[in-house]
Amino acid sequence: MKKKGFWFLFFAIALCLLTSPAMAEKQYLNMGSTSSTSGVYAWCVATANVINEAQNDIQVTVIESGAALDNLRKIKTGVFDFALCVDLPSAYQMVKGMDTFEKEKWEDVRWLFMRNITADRLYVRKDSGVTTFKELKGKKFSPGIPGSASAEYVFKFNELLKVGIDLVPAAYGDAVDAMKNGRIVGLQKTSPLDSLDASMIEVNLTLPITVIGYSEDDVAKIRERYPYMIFLETPKGKIKQLPDVGPIMEECAIVGAVASVNLPEEIGYQIVKAYVEGFDEVASAYPAIKGWDPVADFFENVPEGGEIYAHAGLIRYAQERGIEVPERFIPPEYKK
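Residues numbered from 1 in each chain as written. Predicted model: local features only at pLDDT ≥ 70, side-chain atom pairs only at ≥ 80, totals over all residues. Heavy atoms only, no water.

**A word on the nonpolar core**
- Core analysis: the largest hydrophobic core is formed by 96 residues, its most contacted members being Trp43, Phe82, Phe133, Ile271 and Phe299.
- Looking at this core element by element, the count peaks at nine residues for strand E4 (residues 109-125).
- Residue contributions to this core reach at least three from each of two domains, namely domain 1 (27-117 + 254-329) and domain 2 (119-253).
- The contacts of Phe299, once residues within four sequence positions are left out, are Ala310, Leu314, Ala318, Ile323, Glu324, Val325, Pro326, Arg328 and Phe329.
- In this structure, Ala175, Ala178, Met179 and Leu187 belong to the second largest nonpolar core, which totals 18 residues. (Core = buried A, V, L, I, M, F, W, Y, C linked by side-chain atoms within 4.5 Å. Buried < 20%, exposed > 50% of the residue type's maximum accessible area, 1.4 Å probe, protein only. Helix = DSSP H or I, 4+ residues; strand = E, 2+ residues; numbered from the N terminus. Domains from an automatic or database assignment. Contact = heavy atoms within 4.5 Å.)

Here it is in structure tokens:
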């Protein structure tokens, strides 16, 4: 009887060890990112590092991609478990099956956490005399890289508002050269809210530039047609290098990480938790996120009608921190 009791105790202990959190099965996840030549790639790598270092049985592999649109499509097909570098407007379009994703509707996209809010800034030569979006009428202007989401938005706005801009999509380096040589009056470049893009600071040293925006009437018309677009006012003095610019309305993008409903709540929760707790480490690699709250700022800045559902893991983490989650962000699969 003593021998039987010994073996029973042995197997009981072994079973406990095998099913304990410390011995849980490791989760290997593929994370979509962006091009390795992009300055944002450092953010992706740093994010993966803090998740992998969090001792949460999650191992993330960073996979280079074509950023937002490519990442969304690869989450849908299961190539990526989650992805970074996705802007909210692109995710919204996929959820609703509209515009860029007109024939690719997929309602299972879920928001994980925010990186920051950026401005799709409209730069023009100061000597062009252009002060508003509509004053670009008849002029050559580069909206950005062909096929990029931000460039597509300028095409949409130009058509909707019937401005008549001669849009010239181009790689960024080519667009800068064209602006310097006077072949175009300006270009669009994603930038921090309170500063010129770093490369545009350099341009401004030899070619004086300024920043223009949209009128309130433009914004109203755009948001009526595209409710997922976000516009924020840039007050005078906000842009450090151009203190005389403002107030102007700029089209802005909430950018961050997304997954799908297929990513379990616990894994999503651990990813968000690891990112927030490792935020300072990530910020040291990618300073543009400093000052942003990756959880609270998402819920506070998404306009009514332009939201997508948050991932159950994000909601759980937010509520643990005492952050209010409006009902419009809570998906049907979330168990309160």
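Don't stop here, the text continues.
**Observations concerning the domain arrangement of the chain**
- Along its sequence, the chain is carved into domain 1 (27-117 + 254-329) and domain 2 (119-253).
- Once you take the C-alpha centre of each, domain 1 and domain 2 turn out to be 26 Å apart.
- When domain 1 packs against domain 2, close to 1300 Å² is buried across both sides, 63% of that on carbon and sulfur atoms.
- The largest share of the area that domain 1 buries against domain 2 comes from Pro89, Asp99 and Ile117, three residues that together contribute 36% of it.
- Counting the contacts that link domain 1 with domain 2 gives one salt bridge.
- In this structure, the salt-bridge partner of Arg225 is Asp99, at a minimum N-O distance of 3.2 Å. (Buried area = accessible area lost by both parts, 1.4 Å probe. Salt bridge = Lys/Arg side-chain N within 4 Å of Asp/Glu carboxyl O.)

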